[in-house]
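Structural features, examined
One letter stands for each residue in the lines below.
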Amino acid sequence: MKKIISLIISISTITFYSVSSFAAGDAENVKKLSSFQKTGAVRGVVIEQNTKFAENVKKNILPNIKMPAGFKIELFALAPDARHMAVSRNKGTVWIGTRKTKVWQATDRDMDNVADTVEEFSPSVKFDIPNGPCYSADGHLYIAERNRVLWFPAAEYFMESPDTVAIPIIDQGQLIPEAEESYNHTARVCAIGPDNKLYVSTGQPFNVAGPDKYPLYDQVPIGGIMRFNRFPGDLQREVVAIGIRNSVGHAFNPKDGSLWFTDNQVDGMGDETPPGELNKACSLSAKTWYGHPYYGGGSVRTNEYKDKQIPKEYADNYCKPQVEMVAHAADLGMMFYTGNMFPKKYQGAIFSAQHGSWNAVKPRGARVMVTYLDSKGNASKTEPFAEGWLTDMGTYLGRPVDVQQYVDGSLLVSDDKAGVIYRITYDGTKAAELIDPSKTIK
Amino acid sequence: MKKIFYFFTVLFLTTLASETILAKESDKICGGGGLAVWTKDGEFKTVREPTCISKSEYEAKLNSKDYLCNYYQEYIWKESEREFGKKQYAYTEENLKKITILKDEGISLCKAGKRKEGEEKFIEAIRIISFTPPAKE
């Protein structure tokens, strides 16, 4: 009986929502999808996997990637413009966002840990920079776009058809005011918090915004993180962090529920300053301030605000970064490792991706970092984990964007330059052989 | 006996030379201008050699008294004069004029050895750039 009531409530909510508020663009299409109506969509773009391109990636990129002993990197999927990822719990499908108009779904069908099918997800939806997918433990997919957040219930089921149920949680034009939309710092990410709410980060569109912008930006937030209920109705939207320049990666520590995020820092101050950041939220409140625009990264004051006194309401609520990363390396996606495949020292550690610099004389980044935590859950040490995508000649073989744990405890790394997903595995016996050849199993 | 001596001398010199070359290669910092592409034959080939400097040259550049004068000047050029950079922002003509004037003043001051004052002019120009919203697509 309870199930029937629950189903009726769900359908009523969906139906009510579908007729009440849909934005411009593909509102009609999304309205149909949310009402279980067919749209006439046909199967979207399919990315052929067994190609010469795949062979070239295996031949020209993979052998260059250096990792600690026992780790191995392989090609998981070809996915053009691959950005942030979400992994489903049962089928192991990986949804891959892009900074263009498509979301890919990559699925290993024959259980060899390589994606057999990579195809366009929900092809009738007109996505606008669908950078950030995230997946809940109870089977719901969310996709954060430039200025909308869509909910895809039962995505693992509907994904096999061109039509998928799609319902806006945040309507088109409602994530940030439309007047503030731009092409800069618009790659959103999302995560589901321990409070079962959806957390979305919103970069601010300037290098450093002027003081006139902050009354609005702190309220929305723009240059911050917001949270809201992840089902339609009263969203109870709240600001949980302000003073962030452009965060394109956040995750919750499963051990203590703390929110961590990367932040890309200010340009135009020098080749080696200011540092990038890995932050741990001091608290989740609209007052907690992470330094921007008064700090350009770490403790470095921005040139734009160096003569201005930091307002008391900011200074009193300042939360310093946990880790200062190398300047201009573009720290993006991050995750906490909870698997059993990797050695113990990596369990509970943070993996994060550095996309790589765009304007530094000395190129840097294009690697995966690991940050170990101490017993109090604070960062104790950060070091490179996988590198080699940047050659000595300053050429990018690839540019890591995001890291996510795959169903078997291996690590997926997306790369929007090569347009691929890599899978990093660990084999303890291989590591032992490398350290002590006498341990080779014959 | 002499042949053996010559053989080892040549071997020693060759090893020394190659190690010196390798050391110099890894000492390089290569950045802008380089381009590598996939060829039809499936090769990832460098088609344009990048500009490289040595690590010591890079360190010297960072520690030079003129570093910020040069850095800011180049940043202003990239963001407000270079066509690609200029197109990114919703500049007004008035702002572009202000930026140019400040940049020219900065250059003059830096050339006259008044680096701090020159840097301040550049920073003022960069402030205008930073506060200018991105252009609409």
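Within each chain, residue numbers correspond to sequence positions counted from 1 in written order. Labels follow written order: the first chain is A, the first ligand is 1, and so on. In view of the model being predicted, local features appear only for residues whose pLDDT reaches at least 70, and side-chain atom pairs are presented and counted only at 80 or more, with totals across whole chains, interfaces and linings using the full set of residues. The side-chain quantities take in all heavy atoms of the structure and omit both hydrogens and water.

**Quick word on the overall build of chain A**
Scanning chain A from terminus to terminus reveals seven helices and 26 strands. In terms of overall dimensions, chain A has a C-alpha envelope of 65 × 60 × 40 Å along the principal axes. Residue burial is assigned from relative accessible area. The probe radius is 1.4 Å, only protein chains are included, and a residue is buried under 20% of its type maximum, exposed over 50%, and partly exposed in between. Within the span of chain A, comprising 442 residues, buried residues form 60% of the whole. Sequence separation of at least 24 residues holds for 59% of the intrachain contacts in chain A that already meet a minimum separation of 6. Under the scheme used here, helices are H or I runs from DSSP no shorter than 4 residues and strands are E runs no shorter than 2 residues, and both carry numbers assigned from the N terminus. Throughout, a contact is declared for two residues whenever any of their heavy atoms are within 4.5 Å.

**A short note on the sheet that holds strand S5 (residues 117–120) of chain A**
Residue and element names in this part refer to chain A. Strand pairing follows a simple DSSP-based rule, namely that at least 2 bridges must link the two strands. Spatial strand order, S2-S3-S4-S5: four strands in an open sheet with antiparallel pairing. Both edges of this open sheet fall to strand S2 (85–87) and S5, since each of them pairs with a single strand only. Each neighbouring strand pair of the sheet contributes to a mean axis angle of 20°, computed without reference to strand direction. Relative to strand S3 (residues 94–96), S2 runs antiparallel, the two sharing three bridges. Looking at S3, one finds that Ala 86 is bridged to Trp 95. Interaxial angles span 0 to 180 degrees and are taken between N-to-C directions of axes, which are lines fitted to C-alpha atoms, for helices over the stretch in contact.

**Some remarks on the state of the cysteines**
Residue and element names in this part refer to chain B. Count a disulfide wherever a pair of cysteine sulfur atoms falls within 2.5 Å. All chains considered together, the criterion is met by four disulfides over all chains. Across the disulfide from Cys 30 sits Cys 52; the S-S distance is 2.1 Å. One disulfide, between Cys 30 and Cys 52, carries an S-S torsion of 105° and so falls in the right-handed class. Here Cys 52 lies in strand S4 (residues 52–54) and Cys 30 lies in strand S1 (residues 28–30), a separation of 22 residues in the sequence. When its relative accessible area of 2% is taken as the criterion, Cys 30 is described as buried. Covalent S-S linkage joins Cys 69 and Cys 110, the inter-sulfur distance amounting to 2.0 Å. Where Cys 69 bonds to Cys 110 through sulfur, the torsion about that S-S bond is close to -75°, and the disulfide is left-handed. Separated by 41 residues along the polypeptide, Cys 69 in helix H3 (residues 67–81) and Cys 110 in helix H5 (residues 93–111) bring together distant segments of the chain.

**Thoughts on the packing of aromatic side chains**
Residues and elements named next belong to chain A. For this analysis, a ring pair means two rings from Phe, Tyr or Trp (six-membered ring only for Trp) whose centres lie within 6.5 Å, classed as stacked if their planes differ by under 30 degrees, edge-to-face if by over 60, and tilted for the remaining angles. Overall, the coordinates contain 37 aromatic pairs over all chains when judged by the stated rule. Measuring from centroid to centroid gives 6.0 Å for Trp 95 and Phe 121, while their planes differ by 70°, and the two rings are edge-to-face. Taken together, the positions of Trp 95 in strand S3 and Phe 121 in the loop between S5 and strand S6 (132–135) put the pair 26 residues apart, joining distant regions of the chain. The same class applies to Trp 95 and to Phe 121, which are both buried. A ring pair is formed by Tyr 157 and Phe 158, whose centres lie 4.9 Å apart and whose planes are at 70°; its orientation type is edge-to-face. Judged by relative accessible area, which is 62%, Tyr 157 ranks as exposed. Residue Phe 158 is classed as partly exposed on the basis of its relative accessible area of 21%. Each member of the aromatic cluster is reached from another via a ring pair, and the members are Phe 71, Tyr 337, Phe 342, Tyr 346, Phe 351, Tyr 372, Phe 385 and Tyr 426. For a ring to carry a charge above it, either NZ of a lysine or CZ of an arginine must fall within 6 Å of the ring centroid while also lying within 35 degrees of the normal to the ring plane. Directly above the ring of Tyr 295 sits Arg 301, whose terminal nitrogen or CZ lies 5.9 Å from the centroid. Across from the ring centre of Tyr 396, 4.6 Å away, lies the NZ or CZ of Arg 399, which sits over that ring.

**Quick word on the environment of Gly398(A)**
Residue and element names in this part refer to chain A. Structurally, Gly 398 can be placed in the loop between strand S23 (379–387) and strand S24 (400–405). Exposure remark for Gly 398: the relative accessible area of 0% places this residue in the buried category. Spatially, the C-alpha atoms of Gly 398 and Asp 416 are 7.3 Å apart, while their sequence positions differ by 18 residues. Those residues in contact with Gly 398 that lie beyond four places of it in its chain are Ala 366, Trp 389, Asp 415 and Lys 417.

**What to know about the interface of chain B and chain A**
Each partner contributes residues to the interface: chain B has 37 residues there, and chain A has 44 residues. Buried area is calculated as the accessible area (1.4 Å probe) missing from two parts once they are joined, with the contributions of both summed. With both sides pooled, the region where chain B packs onto chain A buries about 3200 Å², and carbon together with sulfur makes up 54% of that total. Definition used for salt bridges: Asp or Glu carboxyl oxygen within 4 Å of a side-chain nitrogen of Lys or Arg. At the boundary of chain B and chain A, one finds one salt bridge. In this structure, Glu120(B) and Lys306(A) form a salt bridge, with 2.6 Å as the shortest nitrogen-oxygen distance. In protein, a polar contact means a hydrogen-donor-capable atom and an acceptor-capable atom, both N or O and within 3.5 Å, with residues adjacent in sequence counting only if both atoms are side-chain atoms; elsewhere, any N or O pair within 3.5 Å suffices. Where chain B touches chain A, the interface holds 13 residue pairs in polar contact (both at pLDDT 80 or more). Broken down by element, the residue count for the side of chain B that touches chain A peaks at seven residues, all from H3(B). Basically, the charged four are Asp, Glu, Lys and Arg, the nonpolar ten are Ala, Val, Leu, Ile, Met, Phe, Trp, Tyr, Cys and Pro, and anything else, Gly included, counts as polar. Residues of the side of chain B that touches chain A, tallied by class, amount to 21 nonpolar, five polar and eleven charged.

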